[in-house]
Amino acid sequence: MLRDELLRRAERDQRVREAAAPDGRLTIVQGLRFLWTDRRNTGWLARAVRRHGWPGVAAVGAEAAHAAWLLAQHADRRPRLQRMFLKALRGAVEAGDADRRDLAYLEDRVRVNAGLPQLYGTQYHTAGGVFGPRPIEDPDRLGERRAEAGLPPMAEQDARMRRLARGEQP
């Protein structure tokens, strides 16, 4: 069943990521597990989306629909497929069958992977020893875009991300 497979794959995705050191460093074996898990999940999700369309809330429930987003979010090594997932998720959101917050995160991820500034401020990195959000397009309208997407104010997002970066609970 699609729902069960989405949940199983998302659980494995998170298990592999939780095995990393708090500073994000990976052993060679952990790195290979990341690559293997993401590659298999991306391929599987691509086949599922081509066959059934985006696995929205109506078809698989909210938890499994969010799991589909998670797999799409981690499809970074296959940008063409990640863009396909974004388009499918966008259609599901427009139909009221997926979460706008998931769309905002995937939109930012796809944009960052394409070398473009993000729209919602969801993607962070460390550059020159400084942790912070990746470049943001039209920062003056960031609060408005985040509110439309159902995201908390940027100050809350930033505090949460910094706690996570320090290895604290969100």
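You'll find the structure just up there.
Notes on the structure follow. Position numbers for residues start from 1 in each chain and track the written sequence from start to end. Reporting in this predicted model follows two pLDDT cut-offs: at least 70 for local features of residues, and 80 or more for side-chain atom pairs to be given and counted; totals over whole chains, interfaces and linings ignore these cut-offs and use all residues. As a rule here, side-chain values come from all non-hydrogen atoms in the structure, and water together with hydrogens is ignored.

## Focus on the pattern of salt bridges
Stage number 1. For salt bridges, the criterion is a side-chain nitrogen of Lys or Arg within 4 Å of an Asp or Glu carboxyl oxygen. Counting across every chain of the model gives 16 salt bridges.
Stage number 2. The shortest N-O distance in the salt bridge between Arg109 and Asp76 comes to 2.8 Å. Placement of Arg109 in helix H6 (residues 100-113) and of Asp76 in the loop between helix H4 (62-73) and helix H5 (79-94) is noted, with a sequence separation of 33 residues between them.
Stage number 3. Remark: exposure states derive from per-residue accessible area (1.4 Å probe, protein chains only) relative to the maximum for the residue type, with buried under 20%, exposed over 50%, and partly exposed in between. Here Asp76 falls in the partly exposed class, since its relative accessible area comes to 25%.
Stage number 4. The network of salt bridges with shared partners includes Asp13, Arg17, Asp38 and Arg77. A run of DSSP states H or I qualifies as a helix once it reaches four residues; a run of E qualifies as a strand once it reaches two. Both are numbered from the N-terminal end.

## Description of the packing of helix H1 (residues 2-18) against helix H2 (residues 28-52)
Two measures define how a pair of helices packs: the angle their axes make with one another and the distance between the axes.
Stage number 1. Axes here refer to lines fitted to C-alpha atoms; in helices the fit is confined to the stretch in contact. Angles between the N-to-C directions go from 0 to 180 degrees. At a minimum axis separation of 10 Å, H1 and H2 run at an interaxial angle of 160°. Judged on the interaxial angle alone, H2 and H1 are roughly antiparallel. As H1 runs across H2, the sense of the crossing is left-handed. Taking contact as the criterion, the partners of Leu2, Glu5, Leu6, Arg9, Arg12, Asp13, Val16 and Arg17 in H1 are, on H2, Arg33, Phe34, Trp36, Thr37, Asp38, Arg40, Asn41, Trp44, Leu45, Ala48 and His52. Should an angle fall under 35 degrees it is taken as roughly parallel, and over 145 as roughly antiparallel, whereas 65 to 115 is taken as roughly perpendicular and any remaining angle as oblique. Two helices crossing with the near one rotated counterclockwise from the far one by less than a right angle form a left-handed crossing, whereas a clockwise rotation gives a right-handed crossing. Between two residues, a contact is recorded if the distance between any of their heavy atoms is within 4.5 Å.

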